[in-house]
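Close look at the chain arrangement
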Amino acid sequence: MTPFERIVTEHGPVVLRVCRAVVGPDDAEDAWSETFLAALRSYPRLDPGANVQAWLVTIAHRKAIDITRARARRPVSVEHVPERPAVDGLPREPDPVWAALRELPDKQRQAVAYHHVAGLPYREIAELVGGSTEAARRAAADGIARLRATIGTEEGKL
Amino acid sequence: MTDQGEAPVRDDALERLHGRLAIAAEREGLLDVAYRTVDSPVGSLLLAATERGLVRVAFPGQDHEAVLAALADQVSPRVLAAPARLDAVSAQLDEYFAGRRHEFDVPLDLRLSTGFRRAVLDHLPRIAYGGTESYAQVAAAAGSPRAVRAVGTACATNPLPVVVPCHRVVRSDGSTGGYAGGPEAKRTLLTLESRGR
């Protein structure tokens, strides 16, 4: 089998983009960490012919749901997350893409992330999020249309 | 999403996440093979350790990617760059290459070597620092005086060169003989040890 280090190097960046799109930038790193730790645990049993990226996105999807549920259980929910110091020390303007993604219904946001960021076919997205292949295709198209409407076509290119 | 299309995510985030993953994997007992590289006078050495101990040392000429792939097959595919587990051996290698250390004191995992090859490796640390033995002497010490060629094979396939000192085995005419790290590396190690003796 391929050493797991290679899996992290090859797929780590895409999984992080997927996590950022699905749970937002603040929880994305926890989602990424939990995804790769769970993947490491089951990696020796992975079918050698499996599509590794789809396998990782499947795990990330489950971890994102866990994180979203945990966030919903937090005692005080606020309209907007408080400002935090930037981890890299650079000042940062609020990103309109995050805000627009956060406003999408779950299925649209997931379909956009899994198709346009991770490159999964709609059939696999349907298995992941439930519903038909056509419904997944519509969710992604509606999500993209809504993002374009919110942030404008130039910035909205995913 | 600030990175568009195929542009890579900022490296520092992924580096930090990789570090977190290695620590969590170690804590949960999922880090079957930890590795790192260290610079040395004989080139960049790959070091790999299981939970039992140091399992592999490889020279630059041995293609580190291929060595990691072999470890994934022979030990476990749960292989991660995780330097912490190799801190002690890295420090001891630095001391050794500075001439201040004559033997290594780290746990070894010799699972990659079995049978007669293993018997040869068990004998090698008994050759004193700065000294040498011939292939024939090592064959006799390992219990098979006629297995001179097999001693050569055991040294050539030593999974832990430098730390298990196969470089101290030389031809009976005094010439250095073969070495997995190349004859130049073998001469470098023997010269280092003759100075530090």
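Residues numbered from 1 in each chain as written. Chains lettered and ligands numbered in written order. Predicted model: local features only at pLDDT ≥ 70, side-chain atom pairs only at ≥ 80, totals over all residues. Heavy atoms only, no water.

Attention shifts here to the domain arrangement of chain A. Residue and element names in this part refer to chain A. The assigned domain composition of chain A is domain 1 (1-74) and domain 2 (93-158). The straight-line distance from the C-alpha centre of domain 1 to that of domain 2 is 18 Å. Every contact between the two is made by twelve residues of domain 1 and, on the other side, twelve residues of domain 2. The junction of domain 1 with domain 2 conceals about 1,200 Å² of combined surface from both sides, 71% of it contributed by carbon and sulfur atoms. Scanning the region where domain 1 abuts domain 2 turns up zero salt bridges. Our count for the domain 1 to domain 2 interface comes out at four residue pairs in polar contact (both at pLDDT 80 or more). The residue inventory of the side of domain 1 that touches domain 2, partitioned by class, reads seven nonpolar, three polar and two charged. (Domains from an automatic or database assignment. Contact = heavy atoms within 4.5 Å. Buried area = accessible area lost by both parts, 1.4 Å probe. Salt bridge = Lys/Arg side-chain N within 4 Å of Asp/Glu carboxyl O. Polar contact = N/O pair within 3.5 Å; in protein donor to acceptor, adjacent residues only side chain to side chain. Nonpolar A, V, L, I, M, F, W, Y, C, P; charged D, E, K, R; others polar.)

Per the UniProt record, "domain: RNA polymerase sigma-70 region" (unreviewed entry) is annotated on residues 8-73 of chain A. Secondary structure over residues 8-73 of chain A splits into 85% helix and 0% strand, and the C-alpha atoms at its two ends are 31 Å apart. (UniProt positions renumbered as here; feature names shortened; annotations may be inferred. Helix = DSSP H or I, 4+ residues; strand = E, 2+ residues; numbered from the N terminus.)

The next point concerns the domain arrangement of chain B. All names here are of chain B. Along its sequence, chain B is carved into domain 1 (6-97) and domain 2 (115-195). For domain 1 and domain 2, the distance between their C-alpha centres works out to 26 Å. Facing twelve residues of domain 1, the contacting portion of domain 2 comprises 16 residues. Around 1,100 Å² of area is buried between domain 1 and domain 2 when both sides are counted, 76% of it from carbon and sulfur atoms. When the buried area of domain 1 at its contact with domain 2 is split by residue, Val57, Phe59 and Tyr96 rank highest and sum to 50% of it. In this assembly, domain 1 and domain 2 are joined by zero salt bridges. Broken down by secondary-structure element, the contributors of at least two residues to the side of domain 1 that touches domain 2 are β3 (54-58) and α3 (87-97).

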